[in-house]
Amino acid sequence: MYIQDQLNEIRAAIAAAEKRVGRPAGSVTLLAVSKTFPVSDIMQAYADGQRLFGENRLQECMEKMPQMPADCVWHLIGPLQRNKVRKALESGVALIQAVESAKTAAAVSRIAGELGCTARILLEVNVDGEESKHGFTPDELRASWSELTALPALDIRGLMCIPAPTETPEGARPAFAALRALAEELRARGPLPLPELSMGMSHDYAVAVEEGATIVRVGSAIFGRRDYH
Ligand SMILES: *Cc1c(COP(=O)(O)O)cnc(C)c1O
């Protein structure tokens, strides 16, 4: 019952956060991050109505997908290596969340074109501007925007971020606000509606909802502590 209790608690907390800031109920989608957890755990979430799952690694995602009912929807949330783009596009994942550079975006568009499909993606933004981190810095994204939006086989749905860990959930608020502001700026520039903002994890998803997240990515708060061994 642990997983179902946790899920229900998180759903209630998301609804409460939506209400606090006057967002319509149901504006936010809960993505259950199932990386490292066995299919038996994922099935418990499924039994409680969860359909959207996120995996970090393509290989693990592709192993789990056929073991789960076909009405599950999968997002790839980990960094996408360029040599795995074709496999990712053929895997059936609904959204590739973490396209982190113009080079990767161009590769995704080119290969999607070859496969005759359009790739649904989010662009990962390095909102903290830390050198070591993945993603476009806000200035890189501004500079590549015209080039990115011209890529023919790409459906850029929005932005995602993984801010540096903070001691308190409040600590992440400036990063979330910055991602939202950047999305608003790019929307104003056009031509894309950019409906999705993927931000907030177990520790800080409620703050992310207050700052406009449309997808929160929650793992350990649903499934428990991860054991990487
Ligand atoms: C693991 C992971 C999460 C979930 O983290 P939790 O703290 O367990 O909620 C969210 N987003 C990404 C990109 C992740 O890799």
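A. Seen up close, helix α7 (residues 173-189). With 17 residues, α7 extends 24 Å from end C-alpha to end C-alpha; this agrees with the ideal 24 Å at 1.5 Å per step. Restricting attention to buried positions, one finds in α7 the residues Ala175, Phe176, Leu179, Leu182, Ala183 and Leu186. Along the long axis of α7, the arc covered by the buried residues comes to 125°, so they all point the same way. Structural note: α7 exposes Pro174 and Ala188 on the side pointing more than 90 degrees away from its buried face. Looking at the packing, one finds that the buried side of α7 touches α6 (138-149), β6 (154-160), β7 (196-198) and α8 (205-210). Taken from the residues just after α7, Gly190 is the one with a positive phi, measuring 80°.

B. Here's a closer look at unusual backbone geometry. A cis amide bond, omega 0°, links Gly190 with the succeeding residue Pro191. Within the secondary structure, Pro191 sits in the loop between α7 and β7. Residues other than glycine seldom take positive phi values, yet Thr36 does so here, at roughly 75°. Counting through the fold element by element, Thr36 comes out in the loop between β1 (29-33) and α2 (39-47). We note that Leu194 has phi near 40°; this positive angle belongs to a residue other than glycine. Assignment of secondary structure puts Leu194 in the loop between α7 and β7. For Leu194, a relative accessible area of 1% corresponds to the buried category.

Conventions adopted
Residues numbered from 1 in each chain as written. Predicted model: local features only at pLDDT ≥ 70, side-chain atom pairs only at ≥ 80, totals over all residues. Heavy atoms only, no water. Helix = DSSP H or I, 4+ residues; strand = E, 2+ residues; numbered from the N terminus. Expected span 1.5 Å × (residues − 1). Buried < 20%, exposed > 50% of the residue type's maximum accessible area, 1.4 Å probe, protein only. Arc of directions from axis to C-beta. Contact = heavy atoms within 4.5 Å.

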